Structures are given as C-alpha cells and as structure tokens.
There are 2 protein chains.
Amino acid sequence: MTPAPADLSGLSGRFLAMLGPHGVITDPVRLRTYECDGLTYHRATPAVVVLPETAEQVAAVVRACHETGTPFVARGSGTGLSGGALPRSDGVLIVTSRMRRILEIDVENRRAVVEPGVTNLAITEAARPYGYYYAPDPSSQQICSIGGNVAENSGGAHCLKYGFTVNHVLAVELVTPEGEIVLLDAMDPGYDLLGAFIGSEGTLGIATKITVRLSREPETVTTLLAAFPDVETGGVAVSAIIGAGIVPAAIEMMDALAIEAAEAAVRCDYPPGAGAVLIVELDGPHAEVAHEFARVDAICRESGAFAVRVADDPARRAAIWKGRRSAFAAVGRISPAYLVQDGVVPRTALPAVLAGIERLSARYGIRVANVFHAGDGNLHPLVLFDDAEEGAGERAELVSGEILDLCLEHGGSITGEHGVGVDKSRYMPKMFTAEDLDTMQLVRCAFDPRNLSNPGKIFPTPRLCGEVPGVRKGVHPLVASGEADLF
Amino acid sequence: MTPAPADLSGLSGRFLAMLGPHGVITDPVRLRTYECDGLTYHRATPAVVVLPETAEQVAAVVRACHETGTPFVARGSGTGLSGGALPRSDGVLIVTSRMRRILEIDVENRRAVVEPGVTNLAITEAARPYGYYYAPDPSSQQICSIGGNVAENSGGAHCLKYGFTVNHVLAVELVTPEGEIVLLDAMDPGYDLLGAFIGSEGTLGIATKITVRLSREPETVTTLLAAFPDVETGGVAVSAIIGAGIVPAAIEMMDALAIEAAEAAVRCDYPPGAGAVLIVELDGPHAEVAHEFARVDAICRESGAFAVRVADDPARRAAIWKGRRSAFAAVGRISPAYLVQDGVVPRTALPAVLAGIERLSARYGIRVANVFHAGDGNLHPLVLFDDAEEGAGERAELVSGEILDLCLEHGGSITGEHGVGVDKSRYMPKMFTAEDLDTMQLVRCAFDPRNLSNPGKIFPTPRLCGEVPGVRKGVHPLVASGEADLF
C-alpha cells in the first residue's frame, strides 16, 4: 500500500537552505503524519515535506522540483475526501498551513485578501465585525483551508443560494508548475483561466494569495426542521419549494439511517418516527424571510410533514444543524467502517436515484445512510460496512461505485463537490471520451509541460505533453498573410 | 481597408452540396452585408458565407475548413462591439441566424435548451408564460443572439445582481475547431472547460446548442430615477447603497452630456438641470422591495439628489429606462460620429477615473458622454467627434485609448463586457506578459491546433501551435513508475 519514499536528499538539502530546519521534514515518523488526506483509504508517505511561509518560498521549492523533474503535491489542511492531496512517495509535499495571514479586509469593495492556509471559517471571523462573511461553507469549514477550497472548488450546504467557491473568488496569485508567480483575475479579458484554475485539484499550480468576495450578513436567518414519513414525501416538498420560486439558503435532507446515526452520536433530538428530515434555511431581509417562511411551512405540511420546528435564534438553529453537521462522523456510532460517496443528479431525478440506492443496498446486503444537499441534487450516501467481515469492504466498494453509475444514468455526475482526486479518476472514462480527456490534458500541458504538479490525479491515464520544444518553444509568429495552413 | 476576398470556389462547391443554394452566399454584393459587426470601424468581406441549419451542417462546414486549412469565423446577429465577428477575406463566415429553434422549456428543472441563433429576448418570451425569464440583458437583447452572448460572455444592466452569461449557462454543445460535436456541462468533473469556452470569442469552437438557466420572474419590480447636481454626488449615492448591503437589480448612471443626447433623441423627460441621473431598480418579493426602496430613496436624498421619481408599473418603468437604453444611439443626435468605449474599474475608483476622463476630454478638446453600470464599475464612455474635422477621429481614438490606460492605472481592465475581439487585442500586452499570453494560446491550441477558429482575435501576436505531431499525436502513456522526468 505504501511504497518506501524515494531518496531526495539532494533536494532536501536545497530546501533546508531555502526554508531552514523549521521548514523541512525528512524524519520518517513525522512524514507519516502526512500520508493521507480525509480519504484514508489511499496512503503514501512523501519523500520530503516542506512548510513554506511565503509565495517566494513556494516558488523556489517548485522551481527546484521543476529543475530536477521531481513531482510535487500541495496540501492545505488535508480534509479533502477524494485523495486530491495524496502525497507521492517519490515527491515533495508542499504544505501551506504556515501561510495563514489575512492580508486585507477591504470592506468598501467587499473583498478580503488571504493566504492559502487560512481556514474557511477564519475569513468569516475576520469579516464579521464589519457585518460580512465568506459564503461557501463546507462541513469542514472550521479546519479546511481556503487554498484547498480553491483547488477543489468546494461547496457546502449554503451553495444552493450562494454558489460554489468559483462564484466567490475574484483573483488568485499562484505559483505555476514551472515556478513562476502569476496573478489570475476574474476581471481579466481573454480566456477565463481563473475559472479553469479553480477546481483544478492542484494540477495547474499552487495558490499563494486569494482574493475572495465578502457577503453581507443577512438581516435574519430562520431554520426550519420538517419531519416526513419517508424520503419520497420529503422529496415532494423540495420540488414544491423550488417550484414556488423560493431559493432557500439551504435545503438538506437526511434519511432514517442518517438520523439514527446522528441521534446516537450527538442526541440531536429530531422528531421521533421520522423516515426523513428536511432542514430548510431562509435568510435575507426580515420581511422577505417572514413571507417565504410562511409558504415553506405550508408547503411542507401539504407535502406530508407530520412535525415542523422553527428556529430563529442562533442557539436553536445550531441545535437543528448539529445533527446534519455531525452526520458523516456520526455513522461511526452505528457502523465500524463506512465510505462517503459524492454524486449529483438533476433535482427531479432524486426520487428515482434514491429508490435505486435502496435496491442496491438490498441486493448487496449493505446499509446506506443518505445525507444530501437536496436543493442541488447533491447526494452524499454513506455506505456502511463491517471491516472485520470477509468481503464486506469489497461489497461496499461495489455499492459505492454503482451509486455513481446510477447518477450517470440519470444525467448526473460522478462528483458534486468533493472532486475527482485519486479516488474517482477511474470513473472519468464513463463521462468523457478519450479525445475529451486528451483535450483536458493539453490544457494541463499549457501550465505544466513536465507533468509534475500533482500528477496521477483527475486523469485515469496520465499523458506526457509531447516534446517540450514542440509545445513550449516551437511557437512562431504567424506569417504576415495570417495563414495558418503551414502544417 | 477591405482586401479582396480570396477565391474559395472549391470549398464553396462543397458547401453547396452540403447546404443547398439557400445556405451558401458567394455573390459579392450580398457578401458585403456581412463585412462588419456592430463595430463598423473594421471591415472585411468574407470569401463565402454559409447559413447552416443544424449542428451536423456546422460540423461538416468546419471539417471542410479544417481539411483545407481555411480560417472561419462564426457570427450570430452581428451586434458585437469589439469586432469579434469581423470576417476574414480569406475565410468562411458561418452565420447561425437560421438556427433559431427553442428546443425545450423545462420548467421543472428551470432550464431552456436553445439553438445559438435564438435571440436573447426570445428566450425570455418563451419562458414568460411559465413565470420565468432569462436574466442577462445586453442593451441589444431584442436582436443579439444567445450564441454571441456565449462567445462574448455578455453582460447587461441587470448583471449587477444576477451575474453574466457564464452564470446562467449550464451546458453547451459545440463544434470544435476540428469539426467534432462535443458537449461541455457545468456539472462535469475535471477542468471547467465550459467556463473557458464561455467568453472565448469564437476561438475555441462554435456553440450549436445552449442550455440556459431560467430565473423566476420577481414578484415586484420598482425603478427609481434620482437626479443629482453632478456625477460625484451620484457616485456617493452608489457607494452608500452598496455599503448598506443592498444589491439592486441594476444601478445605472448617465452624465449631463448623455442625458442631453437622450433628451434630444427620445425626449425621456428627465428632471431638468440634472448633472447626472441614477437609475436604481429593485426586484424581489414585494415586502423586500418596499423595505429596500425606502432605504434607497433616503440614501439618494441624503447624498444630494434634488429629485426622485418612482415607477412600479411597466409603462412608467419603461419611460425611465427609455433614456438609458437609447443612450448609445442617441449621441448621434449631438455628434456626427462617436466611439463606444468599454472599461471597468473597482467601484471605489469610479470618481477618480471620471475626473481623469474629464481631464482627457479638456486636453484633447473631445467631448465624452458617460453612461455606465455604476454598481459594477463598468464604464461606457461615448467619445464624440466630428469626422469631417481634420484629425478629430485620431484625437478621439487617443482619448478612447487613454481611458483604458486610466482604467488599468486604477486596477481595472480593458473590457467590462464587450470583449477583446479585433479592436482591443493591441491592449492585451498592457495587462499580460508575453508568457501569460503564450499560456492562453496553448489553451487555444488544445482546442484549435491549426489556428483556424476566428484567428486574429483576442491575441495581439497570433502564434502557431508548434508541430502538430508534438502537440496532438505525441502523447504517450506515462511509464509505469509514474515518472515524468523523461525530457
């Protein structure tokens, strides 16, 4: 599982000179700390870990890697769930956790400039005194880094109304895979390279400074918890809410097994007997929220909710969210092991896909707890198994994989917000032709001709970028006639 | 100015076989109709015009161009203002105006699927019976095509609240520059090639089917017209509105000269004596709009507005918008000729940039009328001149160019929403290094290795894509060790 790390002692010596002993880890025991991210199924001990504190140090490290043909992987807080920050045993792991300065809170222009190691929640905390916050909110927001959010284009419960990371990042300073420091700005004319960089999972470079949009804190937030007999009736309510033209800040659903796990772990005290709960959050001006709340309440009851609770103060809202936020970890209470899946389907296909998951669960004798961003059609099935039981892990893997097939059959995608990483690259050919994947790789080659920046992620069969001179050096001005027909 | 069209009679013959006589134009007089788009300063008569009716026909035309090394340019309605659809006298102009079918209005999933020649407003008209509309609204929305909107990532007055084309396009079927039909979907994992395609100004292929998001019609729309003594006080009001956390659907400003032109052309009857007017539109649930309207009204008066008018029925709203919508054309009433500029700056830099424009205007003796999306910091200075006067055109060009320098000095960009096209490619080196531009060109080469798709646009010095085999064919699977260090 874990190949022995390569000997990069020459390179480590150069890193020591650049970063000092505090900034370089080569001790095998300490290196093990970094062997995986939030997806612990894949592990590899990096040959060396560096902890730069400035963009210039990141650039110097990357240039040294580029010169020596050494692969490198960037890592923020290591909370990713697709193995996007899985190290290379023959490479360098560049950890950004010491780059934690909040450089500017520019209230007038509603933006903040931060270093990549700053946690998602720290941006909100810095902006809160001015009445602002940073909108995208992954469940891991207390720990996860904004650099990692940029790499994965992270979502969160409130992305239904407010959009993903890509909708809130205005500019990124990055170190290219060749070690140059460049700036990509959303206002730039020409191709939207900022858009291509966000969500590129570390394959196009390493963000060293990030300008994010700050959002005004809403005047009011109201959270509603509705209990339904089953997920089908809950799904009817979701469609009816969206169909009524209401865009809640969040619509989350949990099924009976997810509720059972959450109750066991954090005693969230949801209405007894619920086959599904829906959490609907509304925010905005007080008058608007009050108006919409009345409609959501009525729609839930008409759709079959047998209990509705409302919270409009922070403590009672937190109580409702506690069960949802703890759901992933909570399944540890009802199952020795589990896989977190991440798929997305058109919202209207949710009932069919949920029924399909139930059939898979029955066929393989594997329980599946469902937690999802219902408004987005983004499913997070938790596939439960007992790792002490012969073959159970394999069956869980089969179920997890077939859930993605179900998503694809219903016009969905293999990932909603966790990324492709190392874990899902094998599914990419189910969505793309070989030619499509080659086109994406050519985009990568434009940034990373030597394929050193997080190689082995996203693409099922990595490709070389052809002869370097052909791609990078063989570009000649067009002849005066403008003719391109010279091949 | 207009080189003689090349003889592409062999190719024209093939097009005739594909499209029939109705679908091919070779008559020189009829070809002249297509010699420019909305930017009439640049003209070139295409060698041949084709009018395909299906994606397959577009693909067949493009494949024929690719085989013969013939450049091609796509054109929608030809309303673009940066010369993005300027034809090539040695190439084929592919006009999408016969691809006008609305293929699907999917109310449940809030999306519409349309062909590229459908006009922007036609989507809204098709969705209106269901209570929906298509949000981005260029001033040319009655005529401009959705395919052109995708190519230019078009904006409009209401993009302050609702975002640009890129925020409303969910998927695009396109013909690549090599003639393949492919689908890019916003839900796709991997690089965001849809994001890169939108706004690529025809250089990465031709959209043949577009899936757009439909927005729910707001319950209420209220439009407010506030008259100020000058643009400075109007600017104070804009900052105060945004600073109060209000996001109006639109905030537009016109200065005294723009008002004078609009009065002369359409008698919009704005309050007499205004040095600037602000049009603020609020939309949403009735309760929210009423609440925010009271605040906007108060802020305008506190900031120095001497007259405020309110319209909440369609007829009175239209009367307020009439002056703004006609502003570009209206300057024809007060000046024999004019240039439309398009720049963008951070909103807080608006006063400094407007003062700078005033200085430029005085120095060169050239009048400038300012019309702008104030909430976005997106300026549309109209540079007025008399083309009968010796040297006036040249001075107007200088003023227009120096306005962009002003925008850049203040942290802005050379285009807010009209694109780079042929007109602004010369300014690209002011924003980007040669290396940055080469990286963008390598992205283009991933799609268009022969540089045939709208060549000569965006990039100041077009480049060849190196040896074709090096880029497209020389990709080999990585060796098993995963080492990329083979160069």
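Every chain begins its residue count from 1, and numbering advances along the sequence as written. Key to labels: chains lettered from A, ligands numbered from 1, both in the order written. Whole-chain, interface and lining totals are the exception, using all residues; otherwise, since this is a predicted model, local features are given only for residues with pLDDT of at least 70 and side-chain atom pairs are given and counted only at 80 or more. The side-chain numbers reported here are obtained from all heavy atoms of the structure, hydrogens and water having been left aside.

Going along the chain from the N terminus, every DSSP run of H or I of four or more residues is numbered as a helix, and every run of E of two or more is numbered as a strand. Within chain A one finds 17 helices and 19 strands. Relative to the 2.2 N^0.38 estimate, which gives 23 Å for 487 residues, the radius of gyration of chain A is 24 Å and therefore close to what a compact globule would have. Viewed in the frame of its principal axes, chain A has a C-alpha envelope of about 70 × 60 × 55 Å. A burial count over chain A gives 61% of its 487 residues as buried. Radius of gyration: C-alpha atoms only; globule rule: 2.2 Å multiplied by the number of residues to the exponent 0.38. We call a residue buried when its accessible area falls under 20% of the maximum for its residue type, exposed when it is over 50%, and partly exposed in between, using a 1.4 Å probe and counting protein chains only.

The subject of this paragraph is the pattern of salt bridges. All names here are of chain A. Here, a salt bridge means any side-chain nitrogen of Lys or Arg that lies within 4 Å of a carboxyl oxygen of Asp or Glu. Enumeration according to the criterion identifies 35 salt bridges over all chains in this entry. Among the salt bridges present, the one from R128 reaches E217, with a minimum N-O distance of 3.9 Å. Taken together, the positions of R128 in the loop between α4 (120–127) and β7 (132–133) and E217 in the loop between β11 (215–216) and β12 (220–228) put the pair 89 residues apart, joining distant regions of the chain. Residue R128 is classed as partly exposed on the basis of its relative accessible area of 44%. By sharing partners, the salt bridges in this structure join R32, E35 and R43 into a single network.

Moving on, we come to the domain arrangement of chain A. One frequent convention defines the size of an interface as the accessible area lost when the parts assemble. Residues and elements named next belong to chain A. Split into domains, chain A comes out as domain 1 (9–95), domain 2 (102–216) and domain 3 (220–409). Computed over C-alpha atoms, the centres of domain 2 and domain 3 are 28 Å apart. Contacts between domain 2 and domain 3 engage 11 residues on the former and 14 residues on the latter. In this description, buried area is defined as the sum, over both parts, of the accessible area (probe of 1.4 Å) that is lost when the two are combined. For the domain 2 and domain 3 pair, buried surface summed over both sides reaches about 1,000 Å², with 48% attributable to carbon and sulfur atoms. Our enumeration of links across domain 2 and domain 3 arrives at 2 salt bridges. Of the charged contacts, one joins K161 and D283 as a salt bridge, the two residues approaching to 2.7 Å between their closest N and O atoms. Under the rule applied, a polar contact is a pair of N or O atoms within 3.5 Å (in protein, one hydrogen donor and one hydrogen acceptor; residues adjacent in sequence only if both atoms are side-chain atoms). Counting across the domain 2 and domain 3 interface gives 3 residue pairs in polar contact (both at pLDDT 80 or more). Counting residues per element, the side of domain 2 that touches domain 3 draws most heavily on helix α6 (residues 159–162), at 4 residues. In this classification, Asp, Glu, Lys and Arg are treated as charged, Ala, Val, Leu, Ile, Met, Phe, Trp, Tyr, Cys and Pro as nonpolar, and every other residue, Gly included, as polar. The residue inventory of the side of domain 2 that touches domain 3, partitioned by class, reads 5 nonpolar, 4 polar and 2 charged. What fixes the domain bounds is an automatic or database domain assignment. Residue contacts follow a heavy-atom distance rule, with two residues in contact if any of their heavy atoms lie within 4.5 Å.

This part covers the sheet that holds strand β5 (residues 102–106) of chain A. Residue and element names in this part refer to chain A. Strand pairing is assigned whenever DSSP identifies at least 2 bridges connecting the two strands. A sheet is described by the order of its strands in space; here 5 strands give the open sequence β5-β6-β10-β8-β9, paired in antiparallel fashion. Each having just a single partner strand, β5 and β9 (181–185) make up the two edges of the open sheet. Strand-to-strand twist across the sheet, computed as the mean angle between neighbouring axes with direction ignored, equals 15 degrees. Strand direction decides the pairing type here: strand β8 (residues 169–175) and strand β10 (residues 206–213), joined by 6 bridges, are antiparallel. The partner of L174 across the bridge, within β10, is A207. On top of the sheet, helix α3 (residues 55–68) reaches β8, β9 and β10; it is set at about 50 degrees to β8, its chief contact. Axis definition: a line fitted to C-alpha atoms, limited for helices to the stretch in contact. Angles are taken between N-to-C directions and run from 0 to 180 degrees.

Moving on, we come to the UniProt feature "domain: FAD-binding PCMH-type" (unreviewed entry) in chain A. The UniProt entry lists residues 42–217 of chain A under the feature "domain: FAD-binding PCMH-type" (unreviewed entry), expressed in the numbering used here. Within the segment residues 42–217 of chain A, helix and strand shares are 22% and 25% respectively, and the terminal C-alpha atoms sit 39 Å apart. UniProt positions are given in the numbering used here, feature names are shortened, and annotations may be inferred rather than shown by experiment.

The next subject is helix α3 (residues 55–68) of chain B. Residues and elements named next belong to chain B. Each residue after the first adds 1.5 Å to the expected span of a helix. With 14 residues, α3 should reach 20 Å at 1.5 Å per residue; the first-to-last C-alpha distance of 20 Å fits that figure. Restricting attention to buried positions, one finds in α3 the residues A55, V58, A59, A60, V61, V62, A64, C65 and H66. Once α3 ends, the next one or two residues include G69, with phi positive near 65 degrees.

The next thing to look at is the packing of helix α16 (residues 434–447) of chain A against helix α16 (residues 434–447) of chain B. Axis angle and axis distance: for two packed helices, these are the angle between their axes and the distance between the axes, and together they describe the pair. Packing of α16 of chain A against α16 of chain B brings their axes to within 8 Å, and their N-to-C directions diverge by 160 degrees. As summarised for this structure, α16 of chain A and α16 of chain B are arranged roughly antiparallel, according to the angle between their axes. Crossing of α16 of chain A over α16 of chain B shows right-handed handedness. Residues T439, L442, V443, A446 and F447 of chain A of α16 of chain A pack against T439, L442, V443, A446 and F447 of chain B of α16 of chain B. When the residues that make up the contact of α16 of chain A with α16 of chain B are grouped by side-chain class, the tally is 8 nonpolar, 2 polar and no charged. Note on angle classes: values under 35 degrees are labelled roughly parallel, values over 145 roughly antiparallel, values of 65 to 115 roughly perpendicular, and the remainder oblique. By the definition used in this description, the sense in which the near helix is turned from the far one sets the handedness, with an anticlockwise turn below a right angle giving left-handed and a clockwise turn giving right-handed.

Attention now moves to the sheet that holds strand β6 (residues 111–114) of chain B. In a beta sheet, neighbouring strands pair by backbone hydrogen bonds and run either parallel or antiparallel. Residue and element names in this part refer to chain B. The sheet built from 5 strands is open, its strands ordered β5-β6-β10-β8-β9 with antiparallel pairing. Edge positions in the open sheet fall to β5 (102–106) and β9 (181–185), since each of these has one partner strand only. Between one strand and the next, the sheet's axes are offset by a mean angle of 15 degrees, whatever the strand orientation. Bridge count for strand β8 (residues 169–175) against β9 is 5 bridges, and the pairing is antiparallel. Residue pairing in the sheet places V172 in a bridge with L184 of β9. Relative to β8, α3 is tilted by about 50 degrees, and along the sheet it contacts β8, β9 and β10 (206–213).

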